[in-house]
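Structural overview
The primary structure of each chain is shown beneath.
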Amino acid sequence: MSAFSTLTKARYGRRGEIETPVGQIQTPALLPVANLIGGTTPESGGIWRYTRRHLFQSDTVQGLMFQTMTFLDYNLTPDNLAEWRKKPLKQHFEESDAEPGFTQPLFVDSGGFKLMNSTTFGQPPEEGGSENDWGIYTNPESILKLQLDYGADIVATLDFPIPQNLNKEEATERMERSIDNAVECLQLLNDDEKLEEWGVEKTPSVYVAIHGHSYEDVNWYVSKFLDRAEELDEAFEGFALGSLVPLSNSPDVLVDIVQGARDAIPEERYDDIALHVFGISGRLCPLLSLLGVDTFDSSNYLKAARNKSFIHPETWQRTKLSDWDEEDCDCQACQDIYFDDMRHALLESDVSYKRIEGEHGKHYKSEYYAQIAHHNFELYSRQMQEVRAAIEDDELLELVAEFAQGKNIVEKGLKRAQLHNPELREQLADNGYEELVAGPDAETFQTKLSGFVEGVEDTTREKRTISLKHGPNDFNILQQNGYQPPSKADVLLILPCSQEKPYSDSRTQQAVLSPLEEHRDRFHKISVSGLYGPVPEEFEEADPVMSYEYVLTTADDDQVELVANRLAQYLDRFGEQFDHILAYTTSKAYRRAINEAFTRYGRGEIYPSDPRALQLTEHFRGENINELVGYFDSIDG
């Protein structure tokens with residue numbers, strides 16, 4: 001197996017090295033998330049295709065993170081995936097005449113978040129589950145085999161993510177199941193017969209995925225796994241902290257979680273166990289490196305680019321292309337950008353999916369978006385180089401302190417770190433950073449951390465708690481005795497559900513409801529839940545509706561059918577009350593279910609009528625929403 005080792009220990013932070021079959025990763029390091037399967041061939045993927053090219057050819061990319069189940073985002077068939085699995089991903093790109101190959105280490109996660117929201121990829125038949133066409137199941141053996149087929153140099157064990165506000169009983173159960181999975185993964189990688197059966201010659205590094213929303217949770221999790229690991233001979237390289245992306249704006253909580261993991265690792269083992277955090281990049285990386293994090297991964301560099309936003313090298317704020325001054329950055333990516341052509345293509349041209357003529361040739365918009373993504377990643381990479389150099393010079397605290405000034409989120413995290421380590425307060429004060437020194441509440445912080453600071457609200461827990469054990473029968477409007485839609489409404493408006501509850505308060509639904517405010521008395525709204533089917537607005541705060549977590553995907557054929565069937569039955573029962581039946585969605589799975597229900601019922605119109613693509617960005621596009629608003633205006637006229 002590959003191995004992590006500490007090279008340099010400073011007062012704060014450490015320099016390390018991860019040995020892999022294809023080279024070394026010098027830590028601390030940021031691994032960009034790269035979608036390597038963007039369609040049926042290495043040439044597929046739109047913006048990802050051109051972004052991959054930059055990453056493959058960059059001297060600063062030390063490794064890539066690939067998310068196991070992202071093939072679901074591109075509507076691949078089981079046969080398509082089977083073709084990808086015939087040989088490692090690197091080999092696919094090496095053999096492509098149109099794409100450059102890549103040689104960097106490949107870190108493959110377990111796909112836990114997508115698996116959590118799927119009814120297709122359950123337990124295998126021999127464990128009481130149902131067979132599926134993909135041959136992928138939510139158990140360690142199936143996921144590890146998929147990771148190995150991809151050619152992973154580093155893998156994360158199969159985890160059961162813990163959504164914010166999951167009730168404590170289910171959270172503990174998921175932690176214990178994840179620990180069991182990690183143990184089984186290690187055992188499989190030390191089973192010579194199994195590896196020979198799979199044709200595996202070089203085994204990857206193993207990172208044990210861990211979750212938790214507090215110091216206590218994570219500390220317990222790591223300690224529990226280490227107790228189990230003592231019974232095994234199998235080695236692992238580190239821990240990978242998940243469920244953190246929703247906490248990216250809560251630096252105090254992130255600090256608690258990282259410190260909880262760090263404190264659970266015995267000092268005699270600390271030099272040999274790496275610490276990775278999923279989904280975090282940018283402003284908080286130097287601070288988390290100071291606390292002992294070795295590697296990060298993120299797709300934020302590309303998400304910002306999709307919004308035509310450059311990360312500013314001084315302020316670290318996202319700056320729109322329309323406001324960007326190319327003189328502000330001297331990175332290599334920016335040296336290669338023809339900004340006049342980019343502005344014309346992305347800000348002025350209404351051409352889509354065709355090459356756009358510029359002063360320096362014809363290019364797709366995707367190529368320009370990828371150039372912005374390249375800049376953003378190069379900025380993150382430069383930051384990691386500075387962190388490594390500061391550790392070598394034993395000046396990481398000074399680097400973090402300078403960086404924290406003017407950045408409230410970093411300052412807040414640094415002050416939280418002082419509650420765990422009072423020496424930080426003294427050294428910051430001694431070095432002249434009095435404005436960054438934590439206040440008097442540091443004196444009352446409980447060093448044993450039996451909980452959060454007394455009197456400080458626990459920002460990770462909201463009033464709404466969720467359960468992942470809800471099933472389709474926990475709510476069914478068709479079984480609600482006495483239910484009747486409001487008699488005054490002559491329009492039935494159908495919207496997809498949202499993760500945020502209640503649905504009507506969510507950003508996705510407000511994007512549609514706000515422009516329709518003047519027509520509010522005319523329509524009755526129902527939301528299509530991927531788990532329950534139709535949910536009338538008056539039931540949005542019912543406990544099963546408020547507390548479930550589920551997202552419908554195109555791979556879940558049975559669930560799509562259930563939703564379509566329930567919506568068709570709802571229309572059969574109540575549809576005649578409405579003169580107009582309308583739906584608005586740009587999600588392929590929800591659109592498919594709604595369209596099937598409309599076909600069975602015999603009427604109903606889906607908006608937008610001809611979206612450019614079936615993806616979330618189209619949901620918010622003004623012209624798509626205006627098409628629906630225009631219909632309401634026409635029937636009011």
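Rules behind the numbers
Sequence order sets the numbering: in each chain, residues are counted from 1 along the sequence as written. Given that this is a predicted model, residues contribute local features only at a pLDDT of at least 70 and side-chain atom pairs are listed and counted only at 80 or more, while totals for whole chains, interfaces and linings are drawn from all residues. Side-chain metrics in this entry use all non-hydrogen atoms of the structure; hydrogen atoms and water are not considered. Numbering of helices and strands runs from the N terminus; a helix is a DSSP stretch of H or I covering at least four residues, while a strand is a stretch of E covering at least two. All radius of gyration figures rest on C-alpha atoms, and the globule criterion is 2.2 Å times the number of residues raised to 0.38. Accessible area is worked out with a 1.4 Å probe on protein chains only. A residue is then buried under 20% of its type maximum, exposed over 50%, and partly exposed in between. We call two residues in contact whenever any of their non-hydrogen atoms come within 4.5 Å of each other. Working definition of accessibility: Shrake-Rupley area with a 1.4 Å probe, residue cover restricted to the visible protein chains. Residues scored as charged are limited to Lys and Arg (positive) and Asp and Glu (negative), so that His and the chain ends carry no count. The location of each charge is read from NZ of Lys, CZ of Arg, CG of Asp or CD of Glu. Strands are labelled as partners when DSSP assigns at least two bridges between them. Between the N-to-C directions of two axes lies an angle of 0 to 180 degrees, each axis being a line fitted to C-alpha atoms and, for a helix, fitted only over the stretch in contact. Each angle gets one of four labels, with under 35 degrees taken as roughly parallel, over 145 as roughly antiparallel, 65 to 115 as roughly perpendicular, and the rest as oblique. Put simply, a crossing is left-handed when the front helix is turned counterclockwise from the back one by less than a right angle, and right-handed when it is turned clockwise. Under the scheme applied here, ten amino acids are nonpolar (Ala, Val, Leu, Ile, Met, Phe, Trp, Tyr, Cys and Pro), four are charged (Asp, Glu, Lys and Arg), and all others, including Gly, are polar. To define a nonpolar core, start from buried Ala, Val, Leu, Ile, Met, Phe, Trp, Tyr and Cys residues and group those joined through side-chain atoms within 4.5 Å. Helix span is expected to be 1.5 Å times the residue number reduced by one.

Our next topic: the overall build of the chain. The secondary structure content of the chain amounts to 24 helices and 20 strands. Its C-alpha atoms give the chain a radius of gyration of 26 Å, near enough to 26 Å, the size a compact globule of 637 residues would have. Expressed along its principal axes, the backbone C-alpha trace of the chain runs to roughly 75 × 60 × 60 Å. Per-residue burial over the chain gives 59% buried out of 637 residues. Expressed as a percentage of contacts within the chain between residues at least 6 apart in sequence, the contacts between residues at least 24 apart total 70%. With an accessible surface of roughly 27,100 Å², the chain has 42% of that area assigned to carbon and sulfur atoms. Computed over 60 positive and 112 negative side-chain charges, the inter-centroid distance for the chain is 4 Å.

For the rest of this paragraph, the subject is the pairing of strand 8 (residues 205-210). Of all six residues in strand 8, six are buried, a share of seventy percent or more. Of the two faces of strand 8, the one holding Ser 205, Tyr 207 and Ala 209 and the one holding Val 206, Val 208 and Ile 210 are both buried throughout. When strand 7 (residues 154-156) meets strand 8, the two strands line up parallel, connected through three bridges. In the strand pairing of strand 8, Ala 156 is matched with Tyr 207. Sheet analysis places strand 8 next to strand 9 (residues 238-241), joined by four bridges and oriented parallel. Following the sheet pairing, Ile 210 is matched in strand 9 by Leu 241.

Another aspect to go through is the packing of helix 1 (residues 47-57) against helix 15 (residues 365-392). For the pair helix 1 and helix 15, interaxial distance at closest approach is 8 Å and the crossing angle is 40°. By the criterion of interaxial angle, the relationship of helix 1 to helix 15 is oblique. Here the hand of the crossing between helix 1 and helix 15 comes out right-handed. Contacts between helix 1 and helix 15 involve Ile 47, Tyr 50, Thr 51, His 54 and Leu 55 from the former and Ser 366, Glu 367, Tyr 369, Ala 370, Gln 371, Ala 373, His 374 and Phe 377 from the latter. In terms of residue class, the contact of helix 1 with helix 15 is built from seven nonpolar, five polar and one charged.

Turning to the sheet that holds strand 3 (residues 23-27), a few remarks are in order. Pairing between the strands of a sheet comes from backbone hydrogen bonds, and it takes one of two forms, parallel or antiparallel. The strand order across the open sheet formed by three strands is 1-2-3, and the pairing between neighbours is antiparallel. Every interior strand has two partners, whereas the edge strands, strand 1 (3-9) and strand 3, have only one. With direction set aside, neighbouring strand axes in the sheet form an average angle of 20°. One ladder, built from six bridges, connects strand 1 with strand 2 (residues 14-20); its direction is antiparallel. When the sheet's bridge partners are listed, Thr 8 is paired in strand 2 with Arg 15. Set on the sheet, helix 15 makes contact with strand 1, strand 2 and strand 3; between it and strand 2 the angle comes to about 120°.

This paragraph deals with unusual backbone geometry. That bond from Thr 27 to Pro 28 is cis: its omega, 0°, falls within 30 degrees of zero. Cis geometry is found at the peptide bond from Lys 501 to Pro 502, where omega equals -10°. Note that Pro 502 resides in the loop between strand 16 (491-496) and helix 19 (507-513). Residue Tyr 353 is not a glycine yet carries a positive backbone phi of 60°. Mapped onto the elements, Tyr 353 comes out in the loop between helix 14 (339-348) and strand 14 (356-358). Since its relative accessible area comes to 61%, Tyr 353 is described here as exposed.

Judged by nonpolar contacts, the single largest core of 131 residues is most densely connected at Leu 36, Phe 71, Phe 225, Phe 236, Phe 239 and Leu 241. Of all the elements, helix 15 adds the most residues to this core, at eleven residues. Filtering out sequence-adjacent residues up to four positions away, Phe 71 remains in contact with Ile 37, Leu 76, Leu 81, Trp 134, Ile 136 and Tyr 150. Judged by nonpolar contacts, the second largest core, of 38 residues, contains Val 563, Leu 567, Phe 574 and Ala 589.

Here we come to the sheet that holds strand 17 (residues 523-529). Taken in spatial order, the five strands of this open sheet run 18-17-16-19-20, and their pairing is mixed. The open sheet is flanked by strand 18 (533-536) and strand 20 (605-607), the only strands paired with a single partner. Across the sheet, the axes of successive neighbouring strands diverge by a mean angle of 30°, strand direction being ignored. Bridge analysis of strand 17 against strand 18 gives four bridges, and the strand direction is antiparallel. Each bridged residue has a counterpart across the sheet, and for Ser 529 the counterpart in strand 18 is Gly 533.

Looking now at helix 21 (residues 557-574). Between its first and last C-alpha atoms helix 21 spans 26 Å; for 18 residues at 1.5 Å apiece the expected length is 26 Å, and the two agree. Those residues of helix 21 that sit buried are Gln 559, Val 560, Val 563, Ala 564, Arg 566, Leu 567, Ala 568, Tyr 570, Leu 571 and Phe 574. Those residues of helix 21 that are buried lie in contact with strand 16, strand 17, strand 18, strand 19 (580-584) and helix 22 (588-601).

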